[in-house]
Amino acid sequence: MAEDSDLEKTEEPTSRRIEQAREKGQVPHSRELSTFLVLIVAGATFWMMGGWFMQRSMAIVKKGFTVEPAVMREPALMLPRLVEISGDALFAFSPLFGLLLLAAVLPPFFLNAWVFSPQALAPDFNRLNPLTGFGRMFSWNSLMELGKAVLKAGLLGGVAAALVWAERDEIFGLLGEPLDAGLVHAGNLVSFSFLIMAATLVLVVAADVPFQLWQYFDKLKMTKEEVKQEMKEMMGDPHVKGRIRSLQMQAARKRMMAAVPTANVVVTNPTHFAVALAYQTGMAAPKVVAKGAGVIALRIREVAHENAVPIMEAPPLARALYKHAELDSEIPSALYSAVAEVLAYIYQLANWRQRGGTYPVPPRDLPVPAELVPEAA
């Protein structure tokens with residue numbers, strides 16, 4: 001049962017999954033929204049500029065059917081004449097064409113689906129498979145599209161019938177109007193009716209857009225295993241990262257232990273902390289070459305003992321060095337005096353071992369600032 005639940009797509013798509021889909025050209029889209037915007041813009045444009053369009057159209061038609069003897073006698077003038085009339089028509093309807101172009105490219109903006117994907121342009125021969133196409137014809141999505149088409153046809157048909165019935169007096173009144181006025185009036189009637197029918201599609205859009213968004217994100221849903229795999233790819237396998245971190249720590253520990261024999265002294269807590277200090281002529285200040293707590297502190301003391309490195313118990317100084325001194329870095333300036341007394345004692349101890357004499361007295365009450373000493377462990 002657990003394996004079956006892991007294979008079910010119950011998880012919401014991650015941002016990376018959505019971005020990968022966009023790179024492939026898979027974005028939410030609604031044909032109903034595109035159709036609605038194009039039709040409503042066309043209807044509004046005709047409603048506001050219908051009279052001007054009709055007048056310009058009449059002028060172009062009259063110009064086209066006007067017979068000019070010069071043009072009829074010279075065939076070479078016919079092509080420029082056609083170009084001139086075509087230019088007039090293009091200029092007359094250029095506002096409509098511009099607005100329709102804008103309406104055609106706006107729908108992806110509302111769905112946050114503007115994307116350019118070269119992968120989507122690549123040929124997909126699976127689409128040519130007749131079995132796949134036959135399956136799409138009877139798919140759930142095709143049934144939904146069929147249902148929407150039937151509803152749209154019924155809705156628009158009902159609105160069109162209601163408009164014709166409501167405007168029946170004006171429609172029949174066009175027969176008694178002069179040609180110019182009748183054409184303008186007819187253009188206004190057609191534009192108004194077209195605009196109302198297009199506006200009716202907002203009901204279809206209001207239902208289709210949420211459905212398309214739900215369907216899009218539902219298709220991108222992921223299984224729990226896919227989510228885990230993606231997290232591994234993005235952040236790295238935690239087991240592998242843990243192993244790498246462990247190996248790095250082991251390597252760092254080996255390098256640190258290798259530096260303990262070079263130390264002048266190991267300051268201890270005595271059991272919880274150990275800090276190995278080295279100082280050579282030319283250094284600005286003593287440097288921490290190794291430090292550790294617990295088992296690592298024990299190992300530092302063992303290596304120091306094996307290599308005859310002096311070990312000195314100074315709990316406050318050891319805790320302060322462990323807390324505030326960085327590995328392979330100089331000690332804090334606030335600890336200069338305390339470390340200087342320790343090193344002076346170590347030099348005296350080395351001199352006593354070589355020459356004898358009075359045994360040096362270990363320093364007591366080292367000048368370690370209280371604010372640098374953490375609580376005793």
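Above: the structure in question.
Residues numbered from 1 in each chain as written. Predicted model: local features only at pLDDT ≥ 70, side-chain atom pairs only at ≥ 80, totals over all residues. Heavy atoms only, no water.

(A) Local environment of the overall build of the protein. Scanning the protein from N- to C-terminus turns up 17 helices and 4 strands. Counting over 377 residues, the protein shows a buried share of 29%. Pairs at least 24 residues apart make up 74% of the contacts formed inside the protein by residues separated by at least 6 positions. Carbon and sulfur atoms form 64% of the exposed surface of the protein, whose accessible area is close to 24,200 Å². (Helix = DSSP H or I, 4+ residues; strand = E, 2+ residues; numbered from the N terminus. Buried < 20%, exposed > 50% of the residue type's maximum accessible area, 1.4 Å probe, protein only. Contact = heavy atoms within 4.5 Å. Areas by Shrake-Rupley, 256 points an atom, 1.4 Å probe, with all protein chains shown as cover.)

(B) Structural detail: the packing of aromatic side chains. Tallying each qualifying case throughout the model produces 3 aromatic pairs. Here the guanidinium or amino end of R168 rests over the ring plane of W165, the centre of that ring lying 4.0 Å away. The ring of Y322 carries K291 above its face, with NZ or CZ at 5.3 Å from the centroid. (Phe/Tyr/Trp six-rings, centres within 6.5 Å; stacked < 30°, edge-to-face > 60°. Lys NZ or Arg CZ within 6 Å of the ring centre and 35° of its normal.)

(C) Main features of helix α11 (residues 179–200). Taking 1.5 Å per residue, 22 residues should reach 32 Å; α11 reaches 31 Å between its end C-alpha atoms and fits that length. Within α11 the residues assigned to the buried category are G182, G187, L189, S191, S193, L195, A198 and T200. (Expected span 1.5 Å × (residues − 1).)

(D) Broad picture of a nonpolar patch on the surface. Together, L99, L101, L102 and V105 line one region of the surface with nonpolar side chains, adding up to about 350 Å² of accessible area. Secondary-structure assignment places L99 in helix α5 (residues 78–105). Residue L99 is classed as partly exposed on the basis of its relative accessible area of 36%. (Patch = residues over 30% accessible without salt bridge, like charges linked within 9 Å, V, L, I, M, F, W, Y side chains within 5 Å. Salt bridge = Lys/Arg side-chain N within 4 Å of Asp/Glu carboxyl O.)

(E) How the structure looks around the pairing of strand β1 (residues 265–268). Residue alternation in β1 divides its side chains into two sets, V265 and V267 and V266 and T268, and both sets are buried. The hairpin formed by β1 and strand β2 (residues 273–278) contains 4 residues between the paired strands. The pairing of β1 with strand β4 (residues 311–313) spans 3 bridges and is parallel. Residue V267 lies in a different strand from β4, and its bridge partner there is M312. (Pairing = 2+ DSSP bridges.)

(F) How the structure looks around unusual backbone geometry. Backbone geometry at D328 places phi at a positive 60°, although glycine is not the residue there. Tracing the backbone shows D328 in the loop between α16 (315–324) and α17 (336–355). Accessibility expressed as a relative area gives 52% for D328, which makes it exposed. Positioned with a positive phi, D365 is a non-glycine residue whose angle comes to about 50°. With respect to the helices and strands, D365 occurs in the segment after α17.

(G) Broad picture of the nonpolar core. Ranked by size, the top nonpolar core spans 24 residues in total, and within it L277, L317 and L321 carry the most contacts. With 7 residues, α17 is the largest single contributor of residues to this core. With sequence-adjacent residues up to four places away left out, L277 is seen in contact with A263, N264, V265, V267, K287, V288, L321, I331 and V339. Formed by 16 residues, the second largest nonpolar core is a distinct cluster that contains M256, A263, A276 and V303. (Core = buried A, V, L, I, M, F, W, Y, C linked by side-chain atoms within 4.5 Å.)

(H) Region of the structure containing helix α15 (residues 295–306). Here α15 is 12 residues long and its end C-alpha atoms lie 17 Å apart, about the 16 Å a rise of 1.5 Å per residue gives. Those residues of α15 that sit buried are A297, I300, R301, V303 and A304. Projection of α15 onto a plane perpendicular to its axis shows the buried side chains occupying an angular sector of 165°, all on one side. The outward face of α15, more than 90 degrees from its buried face, is lined by the exposed residues V295, H305 and E306. (Arc of directions from axis to C-beta.)

(I) Expanded view of the layout of surface pockets. The volume enclosed by the second largest pocket comes to roughly 160 Å³. Every residue along the wall of the second largest pocket is listed here: M312, E313, A314, P315, P316, L317, P363, R364, D365, L366 and V368. When residues of the lining of the second largest pocket are assigned to their parent elements, the largest contribution, 3 residues, is made by α16. Here the lining of the second largest pocket is composed, by residue class, of 8 nonpolar, no polar and 3 charged. (1 Å grid on protein atoms, 1.4 Å probe; cavity = no way out; pocket = protein on both sides within 12 Å on 5 of 7 lines; lining within 4 Å. Points joined across faces, edges and corners; volume = space filled by probe spheres on them. Nonpolar A, V, L, I, M, F, W, Y, C, P; charged D, E, K, R; others polar.)

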